Amino acid sequence: MPLEGFLRVAFAASVLFACVSAEECALARQLRESELKLFVDLSSPESTKQTPSECIRWHIGYWRYELCPGRWVRQYREVKEVIIEEHILGVQHQWHLNDKVGSRILQYIDGPQTVPGRLRDAGLTLNAENSLYSCAKERKGGREIQVDVLYPNGSPCETGSRRTSLLHFVCNENAHNPLVTLKEPSICEYDLTVAAATICKVIYGTSNIAFDLDDAGMKFVI
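Analysis parameters
Residues numbered from 1 in each chain as written. Predicted model: local features only at pLDDT ≥ 70, side-chain atom pairs only at ≥ 80, totals over all residues. Heavy atoms only, no water. Helix = DSSP H or I, 4+ residues; strand = E, 2+ residues; numbered from the N terminus. Buried < 20%, exposed > 50% of the residue type's maximum accessible area, 1.4 Å probe, protein only. Contact = heavy atoms within 4.5 Å. Areas by Shrake-Rupley, 256 points an atom, 1.4 Å probe, with all protein chains shown as cover. Salt bridge = Lys/Arg side-chain N within 4 Å of Asp/Glu carboxyl O. Core = buried A, V, L, I, M, F, W, Y, C linked by side-chain atoms within 4.5 Å. Disulfide = S-S within 2.5 Å. Phe/Tyr/Trp six-rings, centres within 6.5 Å; stacked < 30°, edge-to-face > 60°. Lys NZ or Arg CZ within 6 Å of the ring centre and 35° of its normal. pLDDT = per-residue confidence, 0-100.

Engineer: Teacher, can you tell me more about the overall build of the protein here?
Structural biologist: Along the protein, the regular secondary structure elements total four helices and 13 strands. Buried positions account for 50% of the 222 residues belonging to the protein. Pairs at least 24 apart in sequence give 59% of the contacts found in the protein among residues at least 6 apart. Carbon and sulfur atoms make up 53% of the accessible area of the protein, which amounts to about 10900 Å² in all.

Engineer: Is there a simple way to explain the pattern of salt bridges in this structure?
Structural biologist: Close approach of charged atoms allows side chains of opposite charge to pair. Within the structure shown, the criterion is met by 11 salt bridges. One salt bridge in this structure joins E66 and R104, with 2.8 Å as the shortest N-O distance. Here E66 is found in strand 2 (residues 63–68), whereas its partner R104 is found in the loop between strand 4 (82–91) and strand 5 (106–108), with 38 residues between them in sequence. In this pair, the class of E66 matches that of R104, namely buried. R74 is paired through a salt bridge with E86; the nearest N and O atoms lie 2.8 Å apart. With R74 in strand 3 (residues 72–79) and E86 in strand 4, the pair connects residues that are 12 residues apart, well separated along the chain.

Engineer: Please clarify how the environment of Y62 should be interpreted in this entry.
Structural biologist: Following the sequence through the fold, Y62 ends up in the loop between strand 1 (56–60) and strand 2. For Y62, a relative accessible area of 56% gives the class exposed. As for Y62 and E78, which are separated by 16 residues in sequence, their C-alpha atoms are 8.5 Å apart. With residues near it in sequence (within four places) discarded, Y62 still touches Y76 and R77.

Engineer: Hey, could you run me through the environment of L150 in this one?
Structural biologist: In this structure, L150 sits in strand 9 (residues 145–151). C-alpha separation for the pair L150 and S134, spaced 16 residues apart in sequence, amounts to 8.6 Å.

Engineer: Sorry if this is basic, but what is going on with the nonpolar core here?
Structural biologist: It is characteristic of soluble globular proteins that their nonpolar side chains tend to be buried jointly. If you look at the biggest cluster of nonpolar residues, it comprises 29 residues, and the most contacted ones within it are L31, L67, F169, I199 and I203. Listed by contribution, the elements that provide at least two residues to this core are helix 2 (22–33), strand 1, strand 2, strand 9, strand 10 (164–171), strand 12 (189–196) and helix 4 (197–203). If near-sequence neighbours (up to four positions away) are discounted, F169 is found in contact with L31, E35, L38, L67, P69, I145, Q146, V147, V149, Y151, V194 and I199. C55, C68, I88 and W95 belong to the second largest nonpolar core, which has 14 residues in total.

Engineer: Help me out: how do you make sense of the state of the cysteines in this one?
Structural biologist: Here a disulfide denotes one covalent bond, and it connects the sulfur atoms of two cysteines. Considering all chains together, one arrives at four disulfides under this definition. For C157, the disulfide goes to C188, at an S-S distance of 2.0 Å. Residues C157 and C188 share a disulfide whose torsion about the S-S bond is about 80 degrees; that sign makes it right-handed. With C157 in the loop between strand 9 and strand 10 and C188 in the loop between strand 11 (179–186) and strand 12, the pair connects residues that are 31 residues apart, well separated along the chain. Here C157 and C188 have matching classes, each one buried.

Engineer: Explain the packing of aromatic side chains to me, please; I cannot follow it from the model alone.
Structural biologist: The geometry of an aromatic ring pair comes down to the distance between the two centres and the angle between the two planes. Applying the stated criterion to the full structure yields two aromatic pairs. Residues Y62 and W63 carry aromatic rings whose centres are separated by 5.6 Å and whose planes lie at 40 degrees to one another, so their mutual orientation is tilted. In this structure, R77 is placed above the aromatic ring of Y62, and the distance from its NZ or CZ to the ring centre is 4.6 Å. Cation over ring: R118 sits above Y108, and NZ or CZ is 3.8 Å from the ring centre.

Engineer: I would appreciate a short explanation of the environment of E35 in the present structure.
Structural biologist: Along the polypeptide, E35 turns up in the loop between helix 2 and strand 1. Residue class for E35 comes out buried when judged on its relative accessible area of 1%. Through-space distance from the C-alpha of E35 to that of G70 is 5.7 Å; in sequence the pair is 35 residues apart. Residues in contact with E35, not counting those within four places in the same chain, are P69, G70, H93, Y133, Y151 and F169.

Engineer: Hey, could you run me through the confidence of the model for the protein in this one?
Structural biologist: The predicted structure's coordinates, where accompanied by low pLDDT, should not be read in detail. Predicted confidence across the protein gives a mean pLDDT of 79, with 73% of residues reaching 70 or more. Confidence drops under a pLDDT of 50 for residues 3–11, and excluding neighbours within four residues, the segment shows 12 contacts in the predicted structure. Considering only residues more than four positions removed or in separate chains, one finds that residues 208–222, a stretch of pLDDT under 50, has 40 contacts.

And the structure:
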């Protein structure tokens, strides 16, 4: 990774550090264990028959966005359901799974392919940064809890680095459909806040969709 790209990721990671308790780290672990199924019972206004239930979609202008928690954030443009341009804004540790989401065939301008297939063709490899989670913390005002997750190793940027996203998963009991806010504070560095009631169920362990994952290689920031 070029020095500039390394510094960008290091800076994004640095915002995760905080003084937290073991209980707060346990809440973050709960989110990670069920992250893939975070939105399994929800659908966004931009959802279609081709959108897996584990993912949410939204659009800003002519750009469409897809967040599949634990996998990737991507930005793309479509013409008649054919993807003519795509940028991966960041990936996480389960991007490679060959399940319903991972095996979904998308129509690209250069032919049909899966998202994991395109990522492999682009030479994506996993490293410790892909497992960087913060422990839970209170948002300003103290009424909501959030867990921050770094999604690095996105598509190459014109600066020579790779796109990186910092996601804030916010527990909001009143958000029965996900509320999404996307910002780009610096070129190819994205700040994405997702607030939803299902996040509360996951981090507090009241969801019935949890399953075991191997924590090898995972890093909680304390």
